[in-house]
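What follows is the residue order along each chain.
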Amino acid sequence: MNQGNFSGLMPIIVFLLLFIGSGIIANSFYALPTIVAFLIALVIAFLQNRRLNFNQKLAVVAKSMGNENIMIMCLIFILAGAFSGAVQAAGGVESTVNLGLSILPAKIAVAGLFVIACFISLAMGTSVGTIVALTPIAVGISEKTGFLGAMCIGAVVCGAMFGDNLSMISDTTIAATRTQGCAMKDKFKENFFIVLPAAIITIALFLFLAWNANYRISENLNYDLLKILPYLVVLVGALSGLNVFLILIAGTILSIIIGVFTNSIAASNIFSVIASGKDGTGGIMSMYDITVISIVVAGIIGLVKENGGIDYLLTTIKNRVRSKKGAELGIAALSSLVDISTANNTIAIVMAGPIAKDIADEYKLSPSRTAALLDIFTSVWQGIIPYGAQLLYASAGATAVGLTLAPIEILPYLFYPILMGIFALINIISKKNT
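These numbers come from a predicted model, not from an experiment.

### Some thoughts on the overall build of the protein chain
The number of helices and strands found in the protein chain is 21 helices and zero strands. Here the C-alpha radius of gyration of the protein chain, 22 Å, is about what a compact globule of 434 residues would show, namely 22 Å. The C-alpha extent of the protein chain, read off along each of the three principal axes, is 65 × 50 × 40 Å. In the protein chain, the share of contacts with a sequence separation of at least 24, taken over all contacts with a separation of at least 6, comes to 79%. Total accessible area computed for the protein chain in this model is approximately 18200 Å², and 66% of it derives from carbon and sulfur atoms. Seen as two clouds, the 24 positive and the 20 negative side-chain charges of the protein chain have centres 9 Å apart.

Right, dumping it as structure tokens:
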């Protein structure tokens, strides 16, 4: 393998310095728009590597931007925007929130969001799809109860990463088991008992934060079961394993039909609510920023890889492994750094998987153990990096329904990904070498 170049990572380093530095200096993470920081990083990537001329670099960027996974993700964003705009205009969000708060005490609503997100993400196999479905509800619960929007959405992201890591139909599970050559059920067993304590403590933390709250809901919690039906269709479809595209299309169409039937949506406004939501700020239009950002990030990663940044990470870590415990820590570091560099846990696993396999074979680690470590540590970072699709969509989805929220504001409430990493490290360090 090519030894790579540390300088190949410079675009990512520049982005982090600009994004985090400007936020700290200006005391606002809106001071520098995310897309501007990424465009500067893209320029840095273009200025590197004299072996390629401008047209060759442009070809690398275009190929990376057109990656199948990136395009699928962008299509999901568009369909998610359509569903969000339609279901909100039809009154589905408000009815769903009111029903939930009528059944559950407000003090356990946040913990309930986490548990629901866990089940949905396990069924759907996608963290982004889960965030799509639940972010409007989380914002609604925040508005009704007075709990911080960042905390409510943080609970959704936490639950979304639970299923992203464990689901049998998750891209990350499929990638991890395929690169390591193990059965999904074996990886699940290895993985589940490592992360279970993190999930239990996360529930306890959300209960603790909300338990002594003095918020009281004085208004009538009116709801219409018919308007809740689109969400039920989405949830049932997820539990039955339907493709996320079919789920979102069905939810959008059903929302429009119910909205027209209940006079919540005028027949003449059907297409406008899909495009821009009820108030002109939601719908597909609210997904433009995140779609463009996702495409630009993919282009940056293409040049980072071409310029040797990813190879540098892979070889540097592999060359420092000296023992079985060191091999597991090396795989953890490898998967973590590649995910931080690519902002996509599936791509990170595909890139790091072959090197992890070599390390595992040399130090006699079981394939299921290696697959679990790959999946866990990529999910840890994917759930907390502010430029990853999960937090970017959580922020965009919240904005689409009226809550302005920067990705980094959600970070203090991302208990599950952080705890998942902590318990995985404890498991590695405390495990006896055999």
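After presenting the structure, the write-up continues.
### Side note on the packing of helix α9 (residues 171–180) against helix α18 (residues 367–382)
At a closest axis distance of 9 Å, the pairing of α9 and α18 adopts a crossing angle of 145°. Helix-helix and strand crossings are classified by hand; for α9 and α18 the assignment is right-handed. Residue-level contacts link Thr172, Thr173, Ala176, Thr177, Thr179 and Gln180 of α9 to Pro367, Thr370, Ala371, Leu374 and Asp375 of α18. Split into classes, the residues belonging to the contact of α9 with α18 amount to four nonpolar, six polar and one charged.

### Thoughts on empty space enclosed by the protein
To find leftover empty space, a probe the size of one water molecule is rolled over the atoms. All told, the structure shown has one cavity of 30 Å³ or more when counted by the stated rule. Here the largest cavity defines a volume of roughly 80 Å³. In terms of lining residues, the largest cavity is bounded by 13 residues, among which Ile12, Phe38, Ile300, Ile301 and Tyr387 are the most central. Elements with a minimum of two residues in the lining of the largest cavity: α1 (10–26), α2 (34–47), α14 (288–306) and α16 (324–342). Here the lining of the largest cavity is composed, by residue class, of 11 nonpolar, two polar and no charged.

### A few points about the packing of aromatic side chains
Scanning the entire structure with this criterion turns up 12 aromatic pairs. Aromatic side chains Phe114 and Phe206 sit 6.3 Å apart centroid to centroid with 40° between the ring planes, which places their arrangement in the tilted category. In this pair, Phe114 sits in helix α6 (residues 109–124) while Phe206 sits in helix α10 (residues 184–211), placing the two residues 92 residues apart along the sequence. No difference in accessibility class separates Phe114 from Phe206, as the two residues are buried. A connected cluster of aromatic rings, assembled from ring pairs, spans Phe114, Phe162, Phe206, Tyr413, Phe415 and Tyr416. The ring of Trp211 carries the charged tip of Lys107 above its face, separated from the ring centre by 4.7 Å.

### Quick look at the nonpolar core
Formed by 120 residues in total, the largest nonpolar core has its most connected members in Ile153, Phe206 and Tyr416. Setting aside residues up to four positions removed in sequence, Phe206 forms contacts with Val110, Ala111, Phe114, Met151, Gly154, Ala155, Cys158, Tyr413 and Phe415. Counting eight residues, the second largest nonpolar core, distinct from the first, contains Ala90, Ile256, Val273 and Ile274.

### Here we look at the packing of α18 against helix α21 (residues 415–430)
The packing of two helices is summarised by the inter-axis angle and the distance between the axes. Running from N to C, α18 and α21 point in directions that differ by 145°, and their axes come no closer than 9 Å. Like other packed secondary-structure pairs, α18 and α21 cross with a definite hand, here left-handed. Touching Arg369, Leu373, Ile376, Phe377, Ser379 and Val380 of α18 are Pro417, Met420, Gly421, Ala424, Leu425, Asn427 and Ile428, all from α21.

### Some remarks on the environment of Ile153
Mapped onto the fold, Ile153 is located in helix α8 (residues 149–166). On the basis of relative accessibility, which here comes to 1%, the residue Ile153 falls in the buried class. Considering only alpha carbons, one finds Ile153 and Leu391, 238 residues apart in sequence, at a separation of 9.4 Å. The residues contacting Ile153, other than those within four sequence positions of it, are Thr135, Ala138, Val139, Ala394, Ala398, Leu403, Leu405 and Ile410.

### Regarding the state of the cysteines
Applying the stated criterion to the full structure yields zero disulfides. The thiol of Cys152 is not disulfide-bonded; the next cysteine sulfur, from Cys158, is found 12 Å away. The class for Cys152 is buried, based on a relative accessible area of 0%. The thiol of Cys158 is not disulfide-bonded; the next cysteine sulfur, from Cys118, is found 8.5 Å away. Among the residues examined, Cys158 registers a relative accessible area of 0% and is labelled buried.

### Description of unusual backbone geometry
Positive phi outside glycine occurs at Asn49, with the angle close to 65°. Relative to the helices and strands, Asn49 is located in the loop between α2 and α3 (54–65).

### Overview of the side chain of Thr252
In this structure, Thr252 sits in helix α12 (residues 244–261). Look past the residues within four positions of Thr252 in its chain and what remains in contact with it is Leu79, Ala82, Phe83, Ala86 and Ile274.

### A short note on helix α15 (residues 309–318)
With seven of 10 residues buried, α15 is to be regarded as a mostly interior element. Within α15, the full set of buried residues consists of Gly309, Ile310, Leu313, Leu314, Thr315, Thr316 and Ile317.

Here is what the cut-offs are and how they apply
Residues numbered from 1 in each chain as written. Predicted model: local features only at pLDDT ≥ 70, side-chain atom pairs only at ≥ 80, totals over all residues. Heavy atoms only, no water. Helix = DSSP H or I, 4+ residues; strand = E, 2+ residues; numbered from the N terminus. Rg over C-alpha atoms; globule rule 2.2 N^0.38 Å. Contact = heavy atoms within 4.5 Å. Areas by Shrake-Rupley, 256 points an atom, 1.4 Å probe, with all protein chains shown as cover. Lys, Arg positive; Asp, Glu negative; His and termini not counted. Charge placed at Lys NZ, Arg CZ, Asp CG, Glu CD. Axes fitted to C-alpha atoms, helices over the stretch in contact; angles between N-to-C directions. Left-handed = near helix turned anticlockwise from the far one by under 90°. Nonpolar A, V, L, I, M, F, W, Y, C, P; charged D, E, K, R; others polar. 1 Å grid on protein atoms, 1.4 Å probe; cavity = no way out; pocket = protein on both sides within 12 Å on 5 of 7 lines; lining within 4 Å. Points joined across faces, edges and corners; volume = space filled by probe spheres on them. Phe/Tyr/Trp six-rings, centres within 6.5 Å; stacked < 30°, edge-to-face > 60°. Buried < 20%, exposed > 50% of the residue type's maximum accessible area, 1.4 Å probe, protein only. Lys NZ or Arg CZ within 6 Å of the ring centre and 35° of its normal. Core = buried A, V, L, I, M, F, W, Y, C linked by side-chain atoms within 4.5 Å. Disulfide = S-S within 2.5 Å.

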